Amino acid sequence: MKIVEVRGLTKTFNETIHAVRGVDLSVAQGEVVVIVGPSGCGKSTILRCINLLETPTAGDVWINGVNLVDDETDLDLVRAEVGMVFQQFNLFPHLTVLRNVTLAQMKVRGRTQEKAESVALAQLERVGIPDKANAYPRQLSGGQQQRVAIARALAMDPKVMLFDEPTSALDPEMIKEVLDVMRDLAADGMTMIVVTHEMGFARAAASRVGFVDEGKIVEIGTPAEVFDNPQQERTQLFLNQVLHH
Amino acid sequence: MDPFSAASPDVSDQPRPDFPEAKQRRTDTDRWWESFPWWMFLVGSLVVVLLALVVFNEDYRAAWSAIFPGIYFTISATFSAFAIATVLGLLAGMGQLSQNVVFKNLARAYIEIIRGIPMIVLIFVVALVVVPDISKALGVPNSVPTFWRAVIALALIYGAYIAEIFRGGIQSVPIGQVEAGRSLGLSKRSTTWSIVLPQAMRSILPPLGNDFIAILKDTSLLSVLGVLELTRNARQFNASTFKIKAGFYTMCFVYLVLVLALSAFMRWFEAKMSPEREGER
């Protein structure tokens, strides 16, 4: 069974702006799907529809066999299975790093504080900053904050991780530390959907690369297929612009 | 003189280009008298002078013993009205932001009505007409005590002002915080209570503290209801002794000390409530 199954996804804002126009996507266990495309093409909206931060105008989204668009579905339960990492990190500034990572574990997963803290410390170890557990987010660099955000999502034991341009708000010297963590995650077999402009990451870590333009997946295939031998003219044009500058 | 040197001390910390004609910027310690809080000294002197009068002057002493008992009413009315107004303000502030059409419009209507009527008029109307009418409609046999009628009037008024403070504070929390909470599986309620409100408190606390102090001062308006609070006591003292100066100055003294103590408490409380801002001030 596919972990993520998207059928006919459509999102229209204010009845006039067609952000997503009929997207189909299925992601299997352990797959890393990287979505690339020009700014404003709808790739972030696709991602935000997958955990229903945006309500799709039409279409269905299944996570692990549960249809999120169904009114009967308990969204909070499904969302706990879908980790999300944001461009702006969105750490909770009033809580320490440790509390950032334990809060949802305790409130949603019902873990004891002791259990949640041991999971949190293990995840902080995994992203390489166990010594910052008692710091507040504003005391960390952008790269460190983003790694905490990844640890926070991982602590929920998600079935799939969504990354919405995780390095776009970072200073250049911090991009690598975040991409390294993501690469390790991919190597560990985590199912991931990543929206990014980092073509190097896409080539190295992706199982498949999808090129999105004007709200549609124009082309999808292995990194070699899409980067080295793109079939669609729009893909070729886009890759020319981002790869040769 | 550089008017900005005291206001932006951090500028002097930054490395400055070493132009030969650039004058050495003065440090804060060179001209300590420019940044010394003289206002505290002036306020403190006034308090000390008034205190001396109250202790040593016979007229002021008489005024003090006539006025001071009103402090019980003033303080208990302040705290009761503030507590009720904060709950009302939270409800109406969140109501305004609610998706629910009924809550949203009820909250908006309440705020617009209260803000559209002068405070002293509302005190008369609520305490003397609205509360008695409602208690009669509810079939309460005895009339509501004057203390509570006064407190309800003040709480209803300030609830509307505090609602705007809560609304602004909640809206100041970036939407990404809600999205982060929801994406972790937190319910709407958990997100509101654990993520949005604690952060909103940062921008809510300072104006909320101001309103706390404003309520304390506005309890003096309750004197129009004939309740025995500080202002009413002072006016009664003046009317019976004609020692107007002693009466009014003593009243000012009591209010000033109360307000100064309360604002010192609020500053301490604000600092305590935001540990993540340690070292920022």
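Refer to the structure above for everything that follows.
Cut-offs and rules
Residues numbered from 1 in each chain as written. Chains lettered and ligands numbered in written order. Predicted model: local features only at pLDDT ≥ 70, side-chain atom pairs only at ≥ 80, totals over all residues. Heavy atoms only, no water. Helix = DSSP H or I, 4+ residues; strand = E, 2+ residues; numbered from the N terminus. Rg over C-alpha atoms; globule rule 2.2 N^0.38 Å. Buried < 20%, exposed > 50% of the residue type's maximum accessible area, 1.4 Å probe, protein only. Contact = heavy atoms within 4.5 Å. Areas by Shrake-Rupley, 256 points an atom, 1.4 Å probe, with all protein chains shown as cover. Lys, Arg positive; Asp, Glu negative; His and termini not counted. Charge placed at Lys NZ, Arg CZ, Asp CG, Glu CD. Buried area = accessible area lost by both parts, 1.4 Å probe. Salt bridge = Lys/Arg side-chain N within 4 Å of Asp/Glu carboxyl O. Axes fitted to C-alpha atoms, helices over the stretch in contact; angles between N-to-C directions. Parallel < 35°, antiparallel > 145°, perpendicular 65-115°, else oblique. Left-handed = near helix turned anticlockwise from the far one by under 90°. Nonpolar A, V, L, I, M, F, W, Y, C, P; charged D, E, K, R; others polar. Pairing = 2+ DSSP bridges. Phe/Tyr/Trp six-rings, centres within 6.5 Å; stacked < 30°, edge-to-face > 60°. Lys NZ or Arg CZ within 6 Å of the ring centre and 35° of its normal.

Within chain A, the secondary structure is distributed over nine helices and 10 strands. Its C-alpha atoms give chain A a radius of gyration of 18 Å, near enough to 18 Å, the size a compact globule of 245 residues would have. On the principal axes, the C-alpha backbone points of chain A span a range of 55 × 45 × 35 Å. Residues counted as buried form 56% of the 245 residues belonging to chain A. The long-range fraction of contacts in chain A, counting pairs at least 24 apart against all pairs at least 6 apart in sequence, stands at 65%. If you sum the accessible surface of chain A, you get close to 10500 Å²; carbon and sulfur atoms cover 45% of it. Mean positive and mean negative side-chain charge positions of chain A (24 and 32 charges, respectively) differ by 3 Å.

On to the interface of chain B and chain A. At the junction of the two partners, chain B supplies 22 residues and chain A supplies 23 residues. Taking both sides of the interface into account, the surface hidden between chain B and chain A amounts to around 1900 Å²; carbon and sulfur atoms contribute 59%. The tally of links from chain B across to chain A stands at two salt bridges. As a salt-bridge pair, Arg182(B) and Asp76(A) come within 3.2 Å of each other at their nearest N and O atoms.

Here the focus is the pattern of salt bridges. Residues and elements named next belong to chain A. Under the criterion given, the structure shown has 21 salt bridges over all chains. A salt bridge links Asp-188 to Arg-126; the nearest nitrogen and oxygen atoms lie 3.4 Å apart. Residue Asp-188 is located in the loop between helix 6 (172-187) and strand 8 (192-195), and its partner Arg-126 is located in helix 4 (residues 113-126); the two are separated by 62 residues in the primary sequence. Residue Asp-180 pairs with Lys-176 through a salt bridge whose shortest N-O separation is 2.8 Å. Residue Asp-180 and its partner Lys-176 are both found in helix 6; the two are separated by four residues, about one turn of the helix. Classification of Lys-176 by relative accessible area gives exposed; the value is 56%. Among the charged side chains, a salt-bridge network with shared partners connects Glu-5, Arg-7 and Asp-24.

This next bit is on the packing of helix 3 (residues 58-67) of chain B against helix 11 (residues 244-273) of chain B. Residue and element names in this part refer to chain B. Here helix 3 crosses helix 11 at 60°, and the two axes come no closer than 9 Å. What the angle tells us is that helix 3 and helix 11 run oblique. Remark: the crossing between helix 3 and helix 11 carries right-handed chirality. Of helix 11, the residues touching helix 3 (which contributes Asp-59, Tyr-60, Ala-63, Trp-64 and Ile-67) are Lys-245, Ala-246, Gly-247, Tyr-249, Thr-250, Met-251, Phe-253 and Val-254. Among the residues forming the contact of helix 3 with helix 11, the class breakdown is nine nonpolar, two polar and two charged.

This brings us to the sheet that holds strand 9 (residues 208-213) of chain A. Residue and element names in this part refer to chain A. Strand order in the open sheet made by the six strands is 6-7-8-3-9-10, with mixed pairing throughout. Two strands lie at the open edges of the sheet, namely strand 6 (82-85) and strand 10 (216-221), each paired on one side alone. Strand-to-strand, the axes of this sheet are offset by a mean angle of 20°, without reference to chain direction. Of the pairings in the sheet, the one linking strand 3 (residues 32-36) to strand 8 comprises four bridges and is parallel in character. Considered in strand 8, the bridge of Val-33 is made with Ile-193. Contacts between helix 9 (residues 233-243) and the sheet are confined to strand 3, strand 9 and strand 10, with strand 9 contributing the most and set at about 100° to the helix.

Moving on: the side chain of Thr45(A). Among the secondary structure elements, Thr45(A) is positioned in helix 1 (residues 43-50). Not counting the four nearest positions on each side in its chain, Thr45(A) is found in contact with Lys11(A), Phe13(A), Ala19(A) and Val20(A).

Turning to the packing of aromatic side chains, a few remarks are in order. Enumeration over the complete set of coordinates arrives at 16 aromatic pairs over all chains. The interplanar angle of 90° and the centroid separation of 6.3 Å between the aromatic rings of Trp38(B) and Phe41(B) together place this pair among those described as edge-to-face. Taken together, the residues Trp38(B) and Phe41(B), both in helix 2 (residues 38-56) and three residues apart, mark about one turn of the helix. Judged by its relative accessible area of 40%, Trp38(B) falls in the partly exposed class. Taking the ring centre of Phe92(A) as reference, the NZ or CZ of Arg152(A) above it sits at 4.4 Å.

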